[in-house]
Amino acid sequence: MFIQGNMLGLTMFITCGLVAIASILLKIPDAVGLIGLGLALFLMDIIVRLRSRTLPNWLMSKEVGGYLYFIPAWIGGFVIIGINLISALSPK
């Protein structure tokens, strides 16, 4: 049995919050901490979706995994990673 619905969202929120708090307490640079947060969000959502891959349209389905409006959580995690990689690699 795995977490679904609001409990899944709450679990993702708490886990990402713990990653953010850890990066602040450990004085990790912002871009690195947010890349870790994006990676955590991406991995949590993909793992939940992979467990339900027998369902039709499992990668984009609103019935599986996390969602923000019409965007799956794994895409949000990927965007967070991309933006912060660009920020970390851009000249100051």
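Higher on the page you've got the structure.
Residues numbered from 1 in each chain as written. Predicted model: local features only at pLDDT ≥ 70, side-chain atom pairs only at ≥ 80, totals over all residues. Heavy atoms only, no water.

### With respect to the overall build of the protein chain
- What the protein chain contains, in helices and strands, is three helices and two strands.
- Taking the principal axes of the C-alpha coordinates as reference, the protein chain spans close to 45 × 25 × 20 Å.
- Restricting to contacts in the protein chain with at least 6 residues of sequence separation, those with at least 24 account for 49%.
- Of the accessible surface of the protein chain, which amounts to about 6600 Å², a share of 75% is contributed by carbon and sulfur atoms. (Helix = DSSP H or I, 4+ residues; strand = E, 2+ residues; numbered from the N terminus. Contact = heavy atoms within 4.5 Å. Areas by Shrake-Rupley, 256 points an atom, 1.4 Å probe, with all protein chains shown as cover.)

### Focus on helix H3 (residues 73-89)
- A rise of 1.5 Å per residue sets the reference length of H3, with its 17 residues, at 24 Å; its end C-alpha atoms lie 24 Å apart and thus fit the reference within 8%.
- Along H3, the residues that are buried comprise Ala73, Trp74, Gly77, Ile81 and Asn84. Buried residues along H3 cover an arc of 105 degrees about the axis, so they all sit on one side. Away from its buried face, by an angle of more than 90 degrees, H3 presents the exposed residues Phe78, Ile83 and Ile86. (Expected span 1.5 Å × (residues − 1). Buried < 20%, exposed > 50% of the residue type's maximum accessible area, 1.4 Å probe, protein only. Arc of directions from axis to C-beta.)

### Quick notes on the packing of aromatic side chains
- Applying the stated rule across the entire model yields one aromatic pair.
- Summarising the aromatic geometry, the rings of Phe42 and Trp74 are spaced 6.5 Å apart at their centres and angled 70 degrees between planes, so their arrangement reads as edge-to-face. On the criterion of sequence distance, the pair formed by Phe42 in helix H2 (residues 30-51) and Trp74 in helix H3 is long-range, its members being 32 residues apart.
- Among the residues examined, Phe42 registers a relative accessible area of 22% and is labelled partly exposed. (Phe/Tyr/Trp six-rings, centres within 6.5 Å; stacked < 30°, edge-to-face > 60°.)

### Describing the nonpolar core
- Core analysis: the biggest nonpolar cluster contains nine residues, these being Leu8, Met12, Cys16, Leu37, Leu41, Met44, Val48, Val64 and Ala73.
- Among the secondary structure elements, those contributing two or more residues to this core are helix H1 (5-25) and H2.
- No other element matches the four residues that H2 contributes to this core.
- Not counting residues up to four positions away in its chain, the partners in contact with Ala73 are Met12, Leu41, Asp45, Gly66 and Tyr67. (Core = buried A, V, L, I, M, F, W, Y, C linked by side-chain atoms within 4.5 Å.)

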